Amino acid sequence: GISGAAQLLSREIPAGDSRAGIMEEMIGLISRLDNTIKNLLNFARYTEPEFAPANINEVIEKVIFFVRQVPEGKKASFVTQYDQAMEEIEVDADQMKQVFLNLFLNALQAKAEDCEISVKTYGEALPGFMELSHRKHFIMVSVIDNGPGITTDKLGKIFQPFYTTREEGTGLGLSITRKIVDLHEGRITVESEVGKGTAFHIFFPKKKL
């Protein structure tokens, strides 16, 4: 309501009026406040997933299409390598979209210019990430960026609620991401090197555990 009223008022301000800048800043702050409140509610609310068969490749492609419509996404490049034999798994597609949206936005915010995000999917977990006997029971998705990377002392804190290194951040995006992955009985890991980028690896069971 406040945002709508501010936008109506801004239309009544003549072009070149010094008040236009104030209104623009006000609308921007309202938008940030709205986003913060939504993140707080999403984090606090325990939402049981509504499981249904879905192809994770298709879910990710829809999120990429959306991200490419926002200003930050238009400046970035996405490189995808999907396992074409990917089988459907039981997930909440809307919650999955939130997971990958959070990871993509996290990469875009870390590197506003010349950001490259690589997305790779695998029909089973790769060697080195879990025991051989478990690998065939999980699909795997890797989201890799070419951002500034994360220092070792901060890497262990990124999933903690309210932890953020950005002034405008709420510190809830990655916490919500891990919460959703946990609700799907999956797991998420991260590896990063300063100056080279960050890689998130997400694993989802092919069948509910």
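Note that the structure is predicted; figures quoted are calculated from it, not measured. (Residues numbered from 1 in each chain as written. Predicted model: local features only at pLDDT ≥ 70, side-chain atom pairs only at ≥ 80, totals over all residues. Heavy atoms only, no water.)

(A) Structural view of the packing of helix α5 (residues 93–110) against helix α8 (residues 173–183). The interhelical angle for the contact between α5 and α8, taken along N-to-C directions, is 145 degrees, at an axis separation of 9 Å. Our pair here, α5 against α8, has a crossing hand that is left-handed. Where α5 approaches α8, its residues Gln95, Met96, Gln98, Val99, Asn102, Leu103 and Asn106 are matched on the opposing element by Gly173, Leu174, Ile176, Thr177, Ile180, Val181 and Leu183. (Axes fitted to C-alpha atoms, helices over the stretch in contact; angles between N-to-C directions. Helix = DSSP H or I, 4+ residues; strand = E, 2+ residues; numbered from the N terminus. Left-handed = near helix turned anticlockwise from the far one by under 90°. Contact = heavy atoms within 4.5 Å.)

(B) Looking closely at the pattern of salt bridges. This structure, assessed with the given rule, holds five salt bridges. We note a salt bridge from aspartate 17 to arginine 19, for which the minimum N-O separation is 2.9 Å. By relative accessible area, which is 22% here, aspartate 17 ends up partly exposed. We note a salt bridge from glutamate 193 to lysine 196, for which the minimum N-O separation is 3.6 Å. (Salt bridge = Lys/Arg side-chain N within 4 Å of Asp/Glu carboxyl O. Buried < 20%, exposed > 50% of the residue type's maximum accessible area, 1.4 Å probe, protein only.)

(C) How the structure looks around the environment of glycine 147. Position of glycine 147 among the secondary structure elements: in the loop between β5 (138–145) and α7 (152–155). Residues glycine 147 and glutamine 109 lie 38 residues apart in sequence; the distance between their C-alpha atoms is 9.2 Å. If sequence neighbours within four positions are ignored, glycine 147 has contacts with Lys111, Gly195, Lys196 and Gly197.

(D) Focus on the sheet that holds strand β2 (residues 77–81). In spatial order, the strands read β2-β4-β5-β7-β6; together these five strands make up an open sheet with mixed pairing. The strands lining the two open edges of the sheet, one partner per strand, are β2 and β6 (187–193). Averaged over all adjacent pairs, the angle separating strand axes in this sheet is 15 degrees, with direction ignored. Note: β2 against strand β4 (residues 116–122), five bridges, orientation parallel. Directly across from serine 77, in β4, lies its bridge partner glutamate 116. Where helix α3 (residues 56–67) meets the sheet, its contacts fall on β2, β4, β5 and β7 (197–205), and the angle it forms with β4 comes to roughly 165 degrees. (Pairing = 2+ DSSP bridges.)

(E) Molecular detail of the environment of isoleucine 202. By secondary structure assignment, the location of isoleucine 202 is in strand β7. When its relative accessible area of 0% is taken as the criterion, isoleucine 202 is described as buried. With near-sequence residues (within four places) excluded, isoleucine 202 lies in contact with Phe100, Leu103, Ile139, Met140, Val141, Val143, Val181, Arg187 and Ile188.

(F) View of α8. All buried positions along α8 are accounted for by Leu174, Ser175, Ile176, Thr177, Ile180, Val181 and Leu183. At the C-terminal side of α8, glutamate 185 shows a positive phi close to 60 degrees.

(G) Region of interest: the nonpolar core. Ranked by internal contacts, the top residues of the largest apolar core, which has 39 residues, are Ile56, Ile60, Phe100, Phe104, Ile117, Ile202 and Phe204. Secondary structure elements with two or more residues in this core: α3, β3 (89–91), α5, β4, β5, α8, β6 and β7. Here the element with the most residues in this core is α5; it accounts for eight residues. Those residues in contact with isoleucine 117, other than ones at most four positions away along the chain, are Ser77, Phe78, Val79, Phe104, Ala107, Leu108, Val143 and Ile144. The next biggest cluster of nonpolar side chains, apart from the first, holds six residues, and it includes Tyr122, Met130, Met140 and Phe203. (Core = buried A, V, L, I, M, F, W, Y, C linked by side-chain atoms within 4.5 Å.)

(H) Layout of the packing of aromatic side chains. Applying the stated criterion across every chain, the model contains two aromatic pairs. Consider the rings of phenylalanine 78 and phenylalanine 104, whose centres lie 5.4 Å apart with planes at 75 degrees: the pair is edge-to-face. One end of the pair, phenylalanine 78, is in strand β2; the other, phenylalanine 104, is in helix α5, with 26 residues separating them in the sequence. Pair check on accessibility: phenylalanine 78 and phenylalanine 104 agree, each one buried. An angle of 50 degrees between the planes, with centres 5.7 Å apart, marks the rings of phenylalanine 129 and phenylalanine 203 as tilted. Here phenylalanine 203 lies in strand β7 and phenylalanine 129 lies in the loop between β4 and α6 (132–135), a separation of 74 residues in the sequence. Between the NZ or CZ atom of arginine 187 and the centre of the ring of phenylalanine 138, over which it lies, the distance is 5.2 Å. (Phe/Tyr/Trp six-rings, centres within 6.5 Å; stacked < 30°, edge-to-face > 60°. Lys NZ or Arg CZ within 6 Å of the ring centre and 35° of its normal.)

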